[in-house]
Amino acid sequence: MSDDVEEMGPVDYLVVEFPGNRMTGEGLPLLVDLVDRGIIRVLDLLFVRKDEDGTVAVVELTDLGDEVDLSVFEGASSGLMGQDDLDEAGAVLAPGNSAALLVYENLWAAPLARALRRGGAQLVASGRIPVQALLASLEAVEETPPGAGPTAA
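Residues numbered from 1 in each chain as written. Predicted model: local features only at pLDDT ≥ 70, side-chain atom pairs only at ≥ 80, totals over all residues. Heavy atoms only, no water.

Before going further, it helps to examine the confidence of the model for the chain. Per-residue pLDDT for the chain has a mean of 83; in total, 86% of the residues score no lower than 70. Per-residue pLDDT, averaged within each element of the chain, yields its smallest value for helix H1 (residues 3–7) (74) and its largest for strand E4 (residues 98–106) (92). (pLDDT = per-residue confidence, 0-100. Helix = DSSP H or I, 4+ residues; strand = E, 2+ residues; numbered from the N terminus.)

Shown next, in the form of structure tokens:
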């Protein structure tokens, strides 16, 4: 492993779908703020579009129109994303929609990650709970009558 990778925080990715290829840019200032405050570092940002026939193509930032100014992210490409990643993103998109694929380093967690690695620890599993799943679980707990849960043996 190179020294640079040893110094990094955890790296995550997001695929954000825009129904009907409609991107308002409402979240863009928040993403820029996270970068400016040193909370994350954008490693890759790609946009893709899935045509009605299922074809997935990369969309250049300059081809997205003037509705949203994405010039701050021009050149945000580490080369981490390959064709397999585009294919996987395309598989979850509905035809006629577009998506942003974002790979980012969690700078806030880098000191913790470095300390754990120095101590010999390693990350063996990771995951994310979608908000919809979290809400569904909380609603199920709230709907469970008292005493209806698991009992002690």
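Okay, back to it.
Together, Asp 84, Asp 85, Asp 87 and Glu 88 make up a negatively charged patch on the protein surface. With respect to the element layout, Asp 84 can be found in helix H3 (residues 83–92). (Patch = residues over 30% accessible without salt bridge, like charges linked within 9 Å, V, L, I, M, F, W, Y side chains within 5 Å. Areas by Shrake-Rupley, 256 points an atom, 1.4 Å probe, with all protein chains shown as cover. Salt bridge = Lys/Arg side-chain N within 4 Å of Asp/Glu carboxyl O. Lys, Arg positive; Asp, Glu negative; His and termini not counted. Charge placed at Lys NZ, Arg CZ, Asp CG, Glu CD.)

As a further point, take the side chain of Asp 12. Residue placement: Asp 12 occurs in strand E1 (residues 11–18). Relative accessible area serves as the criterion here: at 19%, Asp 12 is assigned to the buried category. Within the structure, the side chain of Asp 12 is placed 3.0 Å from the side chain of Asn 106, a separation counted as a polar contact. Of the polar contacts made by the side chain of Asp 12, one reaches the side chain of Arg 128; its length is 3.2 Å. Ignoring any residue separated from it by four or fewer positions in sequence, one finds Asp 12 in contact with Leu 102, Val 103, Tyr 104, Asn 106 and Arg 128. (Buried < 20%, exposed > 50% of the residue type's maximum accessible area, 1.4 Å probe, protein only. Polar contact = N/O pair within 3.5 Å; in protein donor to acceptor, adjacent residues only side chain to side chain. Contact = heavy atoms within 4.5 Å.)

Tallied over the entire structure, the rule returns four salt bridges. The salt bridge partner of Arg 41 is Glu 105, with a shortest N-O separation of 2.6 Å. Taken together, the residues span a long stretch of sequence, with Arg 41 in strand E2 (residues 40–50) and Glu 105 in strand E4 at a distance of 64 residues.

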